[in-house]
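A closer look at the structure
Listed below, chain by chain, are the residues.
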Amino acid sequence: MRLGTRLGRLAILACSLSLASSTAWAAPATTSGSVALALAGVVAPYSSLPAREKKAVAAFFGGDSNVRITRKITVTADKVVCRASNVDITSRSCALTFGSRTHTVKGREANAIYATVALAGVPGDGAAGTIYEALSKLSCTLDPAVIKDKAGGGADCSFEPGN
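A brief structural summary. (Residues numbered from 1 in each chain as written. Predicted model: local features only at pLDDT ≥ 70, side-chain atom pairs only at ≥ 80, totals over all residues. Heavy atoms only, no water.)

Our next topic: helix 2 (residues 34-43). Judged by how many residues are buried, helix 2 sits mostly within the fold: nine of ten residues are covered. Val-35, Ala-36, Leu-37, Ala-38, Leu-39, Ala-40, Gly-41, Val-42 and Val-43 are the residues of helix 2 that are buried. (Buried < 20%, exposed > 50% of the residue type's maximum accessible area, 1.4 Å probe, protein only. Helix = DSSP H or I, 4+ residues; strand = E, 2+ residues; numbered from the N terminus.)

Have a look at this one:
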């Protein structure tokens, strides 16, 4: 009976740890600096930002901090879900959701988004030959005045890992 009690306690502990880790995995996360700028940079081209703001984000991401926009730019996405196959190694895609609109990208662009999401610290997941990187509720704020200072600041993102 004593062995059964220990096994029961171990089972409860294992379940508790499993629940705690899945709760932590879904907790909101943040990133700042170069990683936040990269995240905004790979998502912005597909977002509903005005063209002028998309150009400013592209300029920042390309290394040019001399843009004419002075107000803060916010890049948002409801969901970003990227998939890469470890069976069909040519298969990679990302679905970016902005409200009711979903934009799907493949190939090089998808790989860049996938890698940037992973760089931001989102844990990968996998099943049946597919590896996933996903986040939701992405909100990145770029402050052109701070970015121009070239002191490491001016880009901040928050998101929830997973979808």
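Once that is clear, we can look at the state of the cysteines. Across all of its chains, the model carries two disulfides by this definition. The residue that forms a disulfide with Cys-82 is Cys-94, at a sulfur-sulfur distance of 2.0 Å. In this structure, the disulfide formed by Cys-82 and Cys-94 twists by about 110 degrees around the S-S bond and is classed as right-handed. With Cys-82 in strand 2 (residues 73-85) and Cys-94 in strand 3 (residues 92-98), this pair connects stretches of sequence that are twelve residues apart. Given the relative accessible area of 1%, Cys-94 is considered buried. Between Cys-140 and Cys-157 runs a disulfide, and the two sulfur atoms are separated by 2.0 Å. Handedness here is read from the sign of the S-S torsion; for Cys-140 and Cys-157, about 110 degrees, the answer is right-handed. Taken as a pair, Cys-140 in strand 6 (residues 130-142) and Cys-157 in strand 7 (residues 155-161) lie far apart in primary sequence, 17 residues in all. The exposure class of Cys-140 is buried, given its relative accessible area of 0%. (Disulfide = S-S within 2.5 Å.)

All chains considered together, the criterion is met by two salt bridges. In this structure, the salt-bridge partner of Glu-53 is Arg-71, at a minimum N-O distance of 3.1 Å. With a gap of 18 residues between them, Glu-53 in helix 3 (residues 51-61) and Arg-71 in the loop between helix 3 and strand 2 connect regions that are remote in the sequence. You can call Arg-71 partly exposed: its relative accessible area is 48%. For Glu-160, the salt bridge is made with Lys-137, and the minimal N-O distance between the two is 3.6 Å. One end of the pair, Glu-160, is in strand 7; the other, Lys-137, is in strand 6, with 23 residues separating them in the sequence. We classify Glu-160 as partly exposed; its relative accessible area is 24%. (Salt bridge = Lys/Arg side-chain N within 4 Å of Asp/Glu carboxyl O.)

With respect to the element layout, Asp-143 can be found in the loop between strand 6 and helix 5 (144-148). For Asp-143, the residues in contact, after removing those within four places along its chain, are Lys-72 and Gly-154. (Contact = heavy atoms within 4.5 Å.)

What follows is about helix 3. Of the positions making up helix 3, those classed as buried are Glu-53, Ala-56, Val-57, Ala-59 and Phe-60. Down the axis of helix 3, the buried set is contained in an arc of 160 degrees. They therefore lie on one face. Exposed side of helix 3, more than 90 degrees from the buried face: Ala-51 and Lys-55 are the residues found there. As for helix 3, its buried residues are in contact with helix 2, strand 2, strand 6 and helix 5. One or two residues past the end of helix 3 sits Gly-63, with phi positive at roughly 100 degrees. (Arc of directions from axis to C-beta.)

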